[in-house]
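Coordinate analysis (summary)
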Amino acid sequence: MCLAIPGRIVEIHGNIAKTDFGEGTTRNVDISLVKAREGDYIIVHAGFAIQILNEKEAKKTIKMFKELFNLPV
Amino acid sequence: MFKFKDSQLASRIIEELRQMHLNIRLMHACGTHQDTLIKSGLNSVFEKLGVEIRQGPGCPICVTPANEIEEAIMLAEHGCTLTIFGDAMRVTGFSKSLYDAKAEGFDIRIVYSITDAVKIAEDNPDKNIVFLAIGFETTAPATASTLINGVPENFYILSSHRYFPPALDALLSLGEIKLDGLIQPGHVSVITGLTPYYELLRKYNIPQVVAGFEPLDMLLAVYSLSNQIVKAEPRVENEYTRAVTEEGNILAKEFMNKVFEPFDVVWRGFPLVKSSGMRLKKEFKDKDARIVFSDILKNVDVQHYEEPKGCRCNEILRGLVDSFDCPLFGKKCTPDHPVGPCMVSIEGNCNINYRYTGGRAVKL
Ligand code: SF4
C-alpha cells in the first residue's frame, strides 16, 4: 500500500491519465488528487497519482550536498 | 525516468559517516525504506558505521489487527462480495485468512485499486460489494475522492484506514526503546506535509528527516540525522523535496477531511492509539459497512483472539526487535507459510528480509 511507483503521463482524459511506467508498461491512473499535465512525472499508489515529482528539486538536492562536500557539481 | 543517483556523493557520505564514529539507533517506518535498505545492502554498510535502523509500524496490513480482518471474513461469509488488495489475502483473522475463506467458496476478489472494486459493483448490481480499505494517508485520499465522485448504491467501505503520525507519537510516548532519530516515510509525507513532525519535535525533541526511496536518499537522510544527533540540534528536515512539500498535498487532504474523521483505534502490537483511526463521517453512513452491516459485525468478538504462538510481529511493529531475532523466521515461518502478518505483506519486515536473504537468519 505504501509501495509507490513513478510514471510519466502520456495522455489525459478527464480524471484518467494514460501513464508510462517504463519498459513498455502503460496503465490508466486516476489523477483526481493532483493537478497534473501531460509529460509530468507522477508518484502512483494503488492506481492514484498522489504527487507530481519535481525534477528540478531532485537536481537541487544533489547539487546542494555536492557543494557542501566540495565535490565537482 | 529521471534518476536520483550520484556515486561520488554516495561514497563521500559513507566516508563522512565513518569519521563521525557513530553509535546510534534510528527508525524508519516504511516497507519501501526497508526494501531499499536490504536490497541495496545499505543496512550492512550502516551497521558497520555504527548506525542501526529498525522498521517501525510502517506496514498498513501488518498493523491492521485480527479483528478487522475477521470483520472482512464475516461479511464475505454472510453473502457480501469482498474486494481487497492482494497483499491482505493471507493475513489471518481469528482462525483463518481471507485466502482460506475464498477457498471455502466465499466471494473474495483481489483488486489493484478501489476503482476496480467500484467497477465490480457496477457490473454486479444484484450483489453487495464491500471494499476493505487498508492504508495510511497514501491510500485514504483515493478512497475519499472515489466516494465524493460517486459510487454505485451497492458499494460499501470497510475502513481500516489509519492516520500514521499518531502511531509514532504512541511509540515515542511508550518509551520502550531508545531512538536517536526518525526517518519519516516519504509517501505518507507527500500527503501530510511536515506539520505532524514539528509536533513530534516539540513533544519529544527527536531528530527527523523525511526521506525518499533511492539508496542515495537513505544515505542523505542518515547523514542529516547523524549531524543533528552529533550536534544535539534536533530538527525536522526534508530530504525528499522532489515530492514532499511543507504543506503536503492540500487537495488530497481536503478529500480526506470531507470523508473521514479520527477516532481512537487499536493497532496490532500497540495499545489504543488516540485519534488514529479513519472513520467515515455521518454524511457517508450509508456507505459505511460497519453501520450498514452492523448486525453481522456485532458478532466479532475481540476477547477470544490470541496472536500466533511465538510470532514477534508485535515487537517488530514497535521497533523493539528485527525479524532476524525471531526463531521462527525462515524456518516455520516463510512467505508461503506465513505465521504472522509481517511475513504476509510485501511491506512487512519479515517478508522483505526473507525475500533478500532467502530466509537465512542473518543480516546480509
Ligand atoms: S518471522 Fe514469522 S513468526 Fe516471526 S515475527 Fe515474523 S511473521 Fe511472526
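As the structure is a computational prediction, the values presented were derived from the model and not from experiment.

**Here's the deal with the site of the ligand**
Around the ligand lies a shell formed by Cys311, Arg312, Cys313, Ile316, Cys326, Leu328, Phe329, Cys333, Val339, Gly340, Met343 and Cys350 of chain B. A breakdown of the residues in the shell around the ligand according to their chemical character gives 10 nonpolar, 1 polar and 1 charged.

**Describing helix H11 (residues 195–204) of chain B**
Residues and elements named next belong to chain B. Along H11, the positions that sit buried rather than exposed are Pro196, Tyr197, Leu200 and Leu201. Buried positions in H11, seen along its axis, are confined to an arc of 145° and lie on one side of it. Turned more than 90 degrees from where H11 packs its buried face, Thr195 and Arg202 sit exposed. Of the residues one or two after H11, Asn205 is the one with positive phi, at around 55°.

**Here we look at the state of the cysteines**
All names here are of chain B. With the rule as written, the count across this model stands at 1 disulfide over all chains. The disulfide partner of Cys59 is Cys62, and the gap between their sulfur atoms is 2.2 Å. Handedness of the Cys59-Cys62 disulfide follows from its S-S torsion of about 65°: it is right-handed. Both residues of the pair, Cys59 and Cys62, count as buried.

**A word on the confidence of the model for chain B**
For chain B, per-residue confidence averages 94 on the pLDDT scale, and residues scoring 70 or more make up 97% of the total. The complex prediction reports pTM at 0.93, with the ipTM value standing at 0.91.

**With respect to the nonpolar core**
Ile43 of chain A together with Phe131, Phe155, Ile157, Leu179, Phe260 and Trp267 of chain B are the most contacted members of the largest nonpolar core, which has 80 residues in total. Residue-level mapping places this core at the junction of two domains, with at least three residues from each of domain 1 (22–297) and domain 2 (313–357) of chain B. Excluding residues that lie within four positions of it along the chain, Phe155 of chain B makes contacts with Ile114, Ala117, Val118, Ala121, Ile129, Phe131 and Lys287 of chain B. Counting residues in hydrophobic clusters, the runner-up holds 31 residues, among them Ala10, Ile24, Ile183 and Tyr223 of chain B.

**Quick word on helix H13 (residues 250–259) of chain B**
For H13 of chain B, the complete set of buried residues consists of Ala252, Phe255, Met256 and Val259 of chain B. Buried residues in H13 of chain B, looked at end-on, bunch into an arc of 95°, giving them a common side.

**Brief notes about the side chain of His33 of chain B**
All names here are of chain B. Inspection of the secondary structure puts His33 in helix H2 (residues 31–39). With relative accessibility at 0%, the residue His33 sits in the buried group. For His33, the residues in contact, after removing those within four places along its chain, are His28, Ile183, Gln184, Pro185, Gly186, Ala211, Gly212, Phe213 and Met218.

**Regarding the interface of chain B and chain A**
With 48 residues of chain B in contact, the opposing surface of chain A contributes 36 residues. Between chain B and chain A, roughly 3700 Å² of surface is buried when both sides are summed, and carbon and sulfur atoms account for 69% of that area. Connecting chain B to chain A are 1 salt bridge. Across the salt bridge formed by Asp6 of chain B and Lys66 of chain A, the nearest N and O atoms sit 2.7 Å from each other. Classifying every residue of the side of chain B that touches chain A by side-chain character gives 26 nonpolar, 14 polar and 8 charged.

**With respect to the sheet that holds strand E9 (residues 236–238) of chain B**
In sheet architecture, strand pairing relies on hydrogen bonds along the backbone and comes in two forms, parallel and antiparallel. Residues and elements named next belong to chain B. One open sheet accounts for 5 strands, arranged E2-E1-E7-E8-E9; its pairing is parallel. Each edge of the open sheet carries a strand with a single partner, namely strand E2 (51–55) and E9. Taken over all neighbouring pairs, the strand axes of this sheet differ in orientation by 25° on average, direction set aside. Here strand E8 (residues 208–211) pairs with E9 via 3 bridges, running parallel. Bridging from a neighbouring strand, Val209 pairs with Glu237 of E9. With respect to the sheet, H11 is in contact with strand E7 (181–185), E8 and E9, its orientation differing from that of E8 by roughly 160°.

**What about the pattern of salt bridges?**
All names here are of chain B. Applying the stated criterion across every chain yields a total of 29 salt bridges over all chains. The closest approach of N and O atoms between Asp107 and Lys127, which form a salt bridge, is 3.9 Å. Residue Asp107 is located in the loop between helix H6 (98–103) and strand E4 (108–111), and its partner Lys127 is located in the loop between helix H7 (114–123) and strand E5 (129–135); the two are separated by 20 residues in the primary sequence. We classify Asp107 as partly exposed; its relative accessible area is 23%.

The rules behind the values
Residues numbered from 1 in each chain as written. Chains lettered and ligands numbered in written order. Predicted model: local features only at pLDDT ≥ 70, side-chain atom pairs only at ≥ 80, totals over all residues. Heavy atoms only, no water. Near = heavy atom within 4 Å. Nonpolar A, V, L, I, M, F, W, Y, C, P; charged D, E, K, R; others polar. Buried < 20%, exposed > 50% of the residue type's maximum accessible area, 1.4 Å probe, protein only. Helix = DSSP H or I, 4+ residues; strand = E, 2+ residues; numbered from the N terminus. Arc of directions from axis to C-beta. Disulfide = S-S within 2.5 Å. pLDDT = per-residue confidence, 0-100. Core = buried A, V, L, I, M, F, W, Y, C linked by side-chain atoms within 4.5 Å. Domains from an automatic or database assignment. Contact = heavy atoms within 4.5 Å. Buried area = accessible area lost by both parts, 1.4 Å probe. Salt bridge = Lys/Arg side-chain N within 4 Å of Asp/Glu carboxyl O. Pairing = 2+ DSSP bridges. Axes fitted to C-alpha atoms, helices over the stretch in contact; angles between N-to-C directions.

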